[in-house]
Amino acid sequence: MNIAEAERRTGLSRANIRFYEKEGLLTPTRGENGYRDYTEDDVQTLRKIMLLRRLRLSVPDIRAIESGEKALPEAAAGQLDVLQGDIRESEQAYAMCRAICEDRAEWNGLDVDRYQSIVLPADDPREKDRIPPAGCPWRRFFARNVDAGLYGLLWSMLSQWVFRINPDHFMSNLAWTLACGYVGWLLTFVFEPVLLHYWGTTPGKWIFGLSVRDEDGEKLSIRTAYARLWGVFGYGNCYALPFFEWYCNYKCYRACKEEELPWDLENGCSIIVREREVRWYRVALYLLVLVLRAAAYYGIDLYAKLPPNRGELTLAEYVENCNDCLKYNQGTAPYVRPDGSWNKDLDIMGGSYTGFSLGDSAVSDVTVETDADGYVQSVTVVSDSQNGSCGYQERMTVYYAFAAAYAKWSWLYADHMRDDIIDDGWEYDAPDTKNVKEAHLDGLDFRYEYEFSGASRNNAVDGKPMPYHSVLTIEKE
C-alpha cells in the first residue's frame, strides 16, 4: 500500500510516518517506480508505536524494545513512575484552576506566588514525532523564480536567435505566453534533476542557502530528482495552468509552514537550510541577479534584431538580410527578390510611416550593384509619389540589411543613427522641402536627397497632388 493508505489505516500523518522511518522503527520496501510500499506488518508496527507513545515511552525506548534490547514489561514498569509524576502534575494543575475559580482571581492583582508551584502537564509527545519542516516558503519561491528566469533566458536565445521568433509580435497572445511557460518547464525538467544530482542545489537555491538531500543526507539520484520535480510541477503548480497555479502556490505556502511538502515526503528528501534567517548579502545577490537577467533579456533582444550576415555581403546574403529584417522586425513577408529588387506584385504599405495608405506609392525601386568579387558594392532606393511620403520601409530595410550589417553596428547605434540618415521629416502640413544629406561612416558613403511639397491633410482628403521624390544611396568607399 502507498503512504496515503498507511495514513488512513493508522490515523497518523505523513510527517509522523516519515519521522518513524527516519528513526529506524520501520523500513518499507520500494516498488519499481521508487515509491514506498507499506505492508500489513508496517501498519501493525505503526499502531504499536502509537500505543507506546501514548504511554509516554520515548522513541529510543521503543527502538530498544523493538530490537529486543529492552523488555516491554521492564520499559512499562519504568514508565509507571513517569506517568505517576504526570498524574501529580495534572492534579496540581487541576488544583490551580479550581483555586483560581474559588478565589475569583482577576488579572489585576493576581497572586502569582500562590500558584507558581503548580505546573501544567507536558504535551502529547507524538506531536514532536515529525521531521521539522524547513519552512522558508518565500525563499523557496524566489529561488524557483531565479531558476525559471535562467531557463527563460535560454529559451529567449533559442527562440530569437535560432528560430527567429520575435516576442514583440506575441506580447498579447495568451497561447504564446502559455507555450513559453511550458517550454520553461521543459527546460527545468532537462536541467534541474541533473543539477540536484551532481551539485545538490540549483542556482536559485544556492543564492538563498538551500539544498536538497535524501533521507541519508546524500544528493538525490536522477530518478528521485525527476520524481520530486514532477510533484512540484503537478501538485505545487497544477501543471502550470493559469490561475490554478496561483491557488496551488498559495496552498503550498500554507503547508510549507507545517511540514515538508508532499513531493519531498513522497520521495524521501528534504530541503536543507544553511541559516534560519536570510543574510543581507543573499538579498543583494538576488537583486543583482534580477538586474543582470533584465539586462541579458535586453541584450538578447537587441542582438536578435541584427541581420544574420555581417561584414562583406554577397548578393544572396544581402537578400537574406533584407527578408530577415522584414520578417523578424516588422512581421511582414519576404519581399526582396534574389536580385535585390523589391517585389512590386505584393500588396504592402511600402514605407508609409504615418499610418495611412498612400495610393500608388506602395513600393519603391530598389537596385543593388556588386563588385568584381560578387560582394554588394552599393544599394539605391528611389521613391516617387504624387500622394505623399513613401519608401520609408524600403530605406529602413536596406539600411539595416546592408549598412548596419557591413559596418557591424550594434542595434542601439544603428537605431541612434537611423533617423539622422534616412528620415526626411515628411509629415502633414510640413513646409515644402528640398534637402540633401551626406555622411561618411565606417567605410560607407551615405547620400540621401529628397524633396516634397503640398503635404497637407486637406490635399490628402481632396485627392490633390502631394509630389514626393527621394533617392537614398549607400555605397562602400
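The structure this text deals with has already been given above.
A short tour of the structure in this document, coming up. These numbers come from a predicted model, not from an experiment.

**Notes on the overall build of the protein chain**
- In terms of regular secondary structure, the protein chain is built from 17 helices and 9 strands.
- Counting contacts in the protein chain only where the partners sit at least 6 residues apart, residues at least 24 apart contribute 65% of the total.

**Comments concerning the pairing of strand β6 (residues 376-385)**
- Of all 10 residues in β6, 8 are buried, a share of seventy percent or more.
- With 6 bridges joining them, strand β5 (residues 365-370) and β6 adopt antiparallel strand pairing. Pairing of T370 across the sheet is with V376, part of β6.
- Counting the residues that bridge the hairpin from β5 to β6 gives 5 residues, and of these G374 lies at a positive phi of roughly 90 degrees.
- Sheet analysis places β6 next to strand β9 (residues 468-476), joined by 8 bridges and oriented antiparallel. Pairing of S383 across the sheet is with S470, part of β9.

**Section: the packing of aromatic side chains**
- Tallied over the entire structure, the rule returns 32 aromatic pairs.
- Between W280 and Y281, the aromatic rings sit 6.1 Å apart at their centres with planes inclined by 85 degrees, giving edge-to-face as the arrangement.
- With a relative accessible area of 69%, W280 lands in the exposed category.
- Where Y448 meets Y450, the ring centres are 4.9 Å apart and the plane angle is 40 degrees; that geometry is what we call tilted.
- Each member of the aromatic cluster is reached from another via a ring pair, and the members are W138, F141, F142, F208, Y253 and Y286.

**Here's the deal with the sheet that holds β5**
- Spatially, the 5 strands line up as an open sheet ordered β5-β6-β9-β8-β7, and their pairing is antiparallel. The open sheet is flanked by β5 and β7 (433-441), the only strands paired with a single partner. With direction set aside, neighbouring strand axes in the sheet form an average angle of 5 degrees.
- Two elements, strand β8 (residues 444-452) and β9, share 9 bridges in a ladder whose sense is antiparallel. Paired with E451 across the two strands is H469, which belongs to β9.
- On the sheet, helix α14 (residues 315-330) packs against β5 and β6 and is oriented at approximately 150 degrees with respect to β5.
- Packed onto the sheet, helix α16 (residues 411-422) meets β7, β8 and β9 and runs at close to 140 degrees relative to β7.

**Comments concerning helix α15 (residues 392-406)**
- Its 15 residues give α15 an end-to-end C-alpha distance of 20 Å, which sits within 8% of 21 Å, the value for a rise of 1.5 Å per residue.
- Bending of α15 peaks at approximately 35 degrees at the position of Y399.
- Among the 15 residues in α15, 14 count as buried, and that is most of the element.

**Some words on the environment of I65**
- Checked against the element boundaries, I65 lands in helix α4 (residues 59-67).
- When its relative accessible area of 16% is taken as the criterion, I65 is described as buried.
- With 10 residues separating them in the primary sequence, I65 and A75 have C-alpha atoms 7.9 Å apart.
- Apart from residues no more than four positions distant in its own chain, I65 is found in contact with L52, L57, K70, L72 and A75.

**Details of the pattern of salt bridges**
- Evaluated as defined, the whole model comprises 22 salt bridges.
- Its salt-bridge partner being R144, residue E192 comes within 3.2 Å of it at the nearest N-O pair. Of this pair, E192 sits in helix α8 (residues 174-198) while R144 sits in helix α7 (residues 137-162); the two residues are 48 residues apart in sequence, bridging distant segments of the chain.
- Of the residues examined, E192 reaches a relative accessible area of 1% and is grouped as buried.
- The class for R144 is buried, based on a relative accessible area of 19%.
- Across the pair D419 and R418 runs a salt bridge, and its minimum N-O distance is 3.3 Å.
- A network of salt bridges, in which partner residues are shared, links R140, R144, E192, R228 and D264.

**Looking at empty space enclosed by the protein**
- With the rule as written, the count across this model stands at 1 cavity of 30 Å³ or more.
- Its volume calculated, the largest cavity comes out at about 40 Å³.
- Lining the largest cavity, in full, are N2, I3, Y35, R36, Y38, L265 and E266.
- Residues of the lining of the largest cavity, tallied by class, amount to 4 nonpolar, 1 polar and 2 charged.

Rules behind the numbers
- Residues numbered from 1 in each chain as written.
- Predicted model: local features only at pLDDT ≥ 70, side-chain atom pairs only at ≥ 80, totals over all residues.
- Heavy atoms only, no water.
- Helix = DSSP H or I, 4+ residues; strand = E, 2+ residues; numbered from the N terminus.
- Contact = heavy atoms within 4.5 Å.
- Buried < 20%, exposed > 50% of the residue type's maximum accessible area, 1.4 Å probe, protein only.
- Pairing = 2+ DSSP bridges.
- Phe/Tyr/Trp six-rings, centres within 6.5 Å; stacked < 30°, edge-to-face > 60°.
- Axes fitted to C-alpha atoms, helices over the stretch in contact; angles between N-to-C directions.
- Expected span 1.5 Å × (residues − 1).
- Bend = angle between axes of the 7 residues up to and from the residue.
- Salt bridge = Lys/Arg side-chain N within 4 Å of Asp/Glu carboxyl O.
- 1 Å grid on protein atoms, 1.4 Å probe; cavity = no way out; pocket = protein on both sides within 12 Å on 5 of 7 lines; lining within 4 Å.
- Points joined across faces, edges and corners; volume = space filled by probe spheres on them.
- Nonpolar A, V, L, I, M, F, W, Y, C, P; charged D, E, K, R; others polar.

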